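Residues per chain are reported as follows:
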Amino acid sequence: MEFKKVAVIGAGLMGSGIAQTVAQAGIEVINIDISEEQTNKAKDNVIKNLNKLNAKGKMTTEQTESILQKLRYSNSYEDIKRADLIIEAVPEKMELKKKVFAELDALADNNAIIVSNTSGLSISEMASVTNRADKIMGVHFFYPAPIMKLVELIRGIGTSDETFDSVKEFSVKINKIPVEAPELPGFLVNRILVPMMNEGAFCVMEGAKPEDVDKAMKFGANLPMGPLELADFVGLDVMLATMEGLYEGFSDSKYRPCPLIKTLVKAGHLGRKSGKGFYNYN
Ligand SMILES: NC(=O)c1ccc[n+]([C@@H]2O[C@H](COP(=O)([O-])OP(=O)(O)OC[C@H]3O[C@@H](n4cnc5c(N)ncnc54)[C@H](O)[C@@H]3O)[C@@H](O)[C@H]2O)c1
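Since the model is a prediction, treat every value here as computed from it, not as a measurement. (Residues numbered from 1 in each chain as written. Predicted model: local features only at pLDDT ≥ 70, side-chain atom pairs only at ≥ 80, totals over all residues.)

S.K.: Please clarify how the overall build of the chain should be interpreted in this entry.
M.R.: The secondary structure content of the chain amounts to 11 helices and 8 strands. The C-alpha radius of gyration of the chain comes to 20 Å, within 12% of the 19 Å expected for a compact globule of 282 residues. Structurally, the chain occupies a C-alpha span of about 60 × 45 × 35 Å along its principal axes. Across the 282 residues in the chain, those meeting the buried criterion constitute 43%. (Helix = DSSP H or I, 4+ residues; strand = E, 2+ residues; numbered from the N terminus. Rg over C-alpha atoms; globule rule 2.2 N^0.38 Å. Buried ≥ 20, exposed ≤ 12 C-beta atoms within 10 Å, placed from the backbone.)

Below, the structure written as structure tokens:
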């Protein structure tokens, strides 16, 4: 199945970037949010991003204009009725996702496929409130969506092969590299990456200097960013929440969140966004 009209639900950090990505691939897309302020902000951000690419000579003015012609914004769910693919990107709360999935299921075309950009919630649970479990799956984009190449594709228990194959083909069409990930906490990337940051924090708690941990991994493992620099960049609160999700989800002590991270979060040292984390940014 080829998707001609896409709707992205949620125009926040991820939703607006996903909508831009789809439009850049020449596919019609509507970005819907309950907040008009958010759709206005999303539109301004996309225009700013495209103008930057234009100024750097990476995109012509004609290309910029044709992308903007493919992209519309709305504050009404009525606009999903014509979509054949719906990408949900509302905040990471299961109760909210279930409410949104039930609404989308009731309004969308019977053949439409609905996917979630969840970072780790259960796709099967979202599908359980719909009458189309075969047409539901996860597509996990990474931030910033127009730049990051990877998407993790997650099957729910009821996802059909036809749905999976169509969405995989779509992800290639929008210039992403798809991988299939099991429906388990953290999927693939976060399950591997976040425990590495957590382990870096354990090293600091046990006496290592943050600079040494980061240097070790940059120059010994050829990583572009050290694990603690990355933790500060992502936000220590976000990192801790992911670790707690892994710990609970697998009931396995190997995912035990580092107590030092908990202390830093309690102290309000959340990383770059608060000015202080493993490093001082002031
Ligand atoms: N931020 C990241 O780095 C990142 C990366 C990958 C995946 N994700 C996932 O993407 C999803 C969205 O995250 P985000 O960072 O873009 O959040 P965000 O808070 O920036 O944006 C969420 C948007 O959803 C809107 N919204 C809330 N309820 C709604 C509803 N009922 N209908 C329509 N819109 C509604 C909000 O107004 C807001 O604009 C989450 O599931 C998150 O886990 C986030």
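S.K.: Please explain the packing of helix α7 (residues 189-205) against helix α11 (residues 259-266) as it appears in this structure.
M.R.: In a packed pair of helices, the relevant descriptors are the angle between the two axes and the axis-to-axis distance. For the pair α7 and α11, interaxial distance at closest approach is 8 Å and the crossing angle is 90°. The orientation of α7 relative to α11 falls into the category roughly perpendicular. Seen from α7, the contacting residues are Asn198, Ala201, Val204 and Met205; seen from α11, they are Pro259, Leu260 and Ile261. When the residues that make up the contact of α7 with α11 are grouped by side-chain class, the tally is 6 nonpolar, 1 polar and no charged. (Axes fitted to C-alpha atoms, helices over the stretch in contact; angles between N-to-C directions. Parallel < 35°, antiparallel > 145°, perpendicular 65-115°, else oblique. Contact = placed C-beta atoms within 7 Å. Nonpolar A, V, L, I, M, F, W, Y, C, P; charged D, E, K, R; others polar.)

S.K.: Explain the domain arrangement of the chain here, please?
M.R.: Many analyses report the size of an interface as the accessible area lost when the parts associate. When cut into domains, the chain gives domain 1 (5-181) and domain 2 (189-274). Each of domain 1 and domain 2 has a C-alpha centre, and the two are 29 Å apart. (Domains from an automatic or database assignment.)

S.K.: Would you explain the sheet that holds strand β1 (residues 5-9) in this entry?
M.R.: Strand pairing within a sheet occurs via backbone hydrogen bonds; the two strands may be parallel or antiparallel. One open sheet accounts for 8 strands, arranged β3-β2-β1-β4-β5-β6-β7-β8; its pairing is mixed. Looking at which strands have only one partner, the edges of the open sheet turn out to be β3 (71-74) and β8 (177-181). The sheet shows a mean angle of 25° between the axes of neighbouring strands, taken without regard to direction. Bridge analysis of strand β6 (residues 136-141) against strand β7 (residues 150-155) gives 5 bridges, and the strand direction is antiparallel. In the sheet register, Gly138 faces β7, and the bridge partner there is Ile154. (Pairing = 2+ DSSP bridges.)

S.K.: Sorry if this is basic, but what is going on with the site of the ligand here?
M.R.: Within the structure, the ligand sits among 22 residues, and Gly10, Gly12, Met14, Glu92 and Tyr143 are positioned closest to it. At 3 residues, the largest contribution of residues to the shell around the ligand is made by helix α1 (residues 13-24). Looking at the shell around the ligand residue by residue, the classes come out as 12 nonpolar, 8 polar and 2 charged. (Near = placed C-beta within 6 Å.)

S.K.: Please explain the pairing of β6 as it appears in this structure.
M.R.: Each regular strand displays side chains that alternate between the two surfaces of the sheet. In terms of burial, β6 is largely enclosed, as 6 of its 6 residues are buried. What you see with β6 is no split at all: Ile136, Gly138 and His140 on one side and Met137, Val139 and Phe141 on the other are buried throughout. With 3 bridges connecting them, strand β5 (residues 113-116) and β6 associate as parallel partners. Note that in β6 the partner of Ser116 across the bridge is Gly138.

S.K.: Can you help me understand the nonpolar core in this one?
M.R.: What tends to happen in soluble globular proteins is that the nonpolar side chains get buried as a cluster. One finds Ile9, Ile86 and Ile87 to be the most contacted residues of the largest nonpolar core, which totals 51 residues. If one sorts the elements of this core by residue count, α1 sits on top with 5 residues. Setting aside chain neighbours within four positions, we find Ile87 in contact with Val6, Val8, Ile9, Ile18, Val115, Asn117 and Val139. Grouped together as the second largest cluster of nonpolar side chains are 21 residues, Leu228, Tyr255, Leu264 and Leu270 included. (Core = buried A, V, L, I, M, F, W, Y, C linked by C-beta atoms within 7 Å.)

S.K.: Before we go on, may I ask you to explain the environment of Pro146 in this structure?
M.R.: Checked against the element boundaries, Pro146 lands in the loop between β6 and β7. Taking the C-alpha atoms as reference points, Pro146 and Thr21, separated by 125 residues in sequence, lie 5.0 Å from one another.

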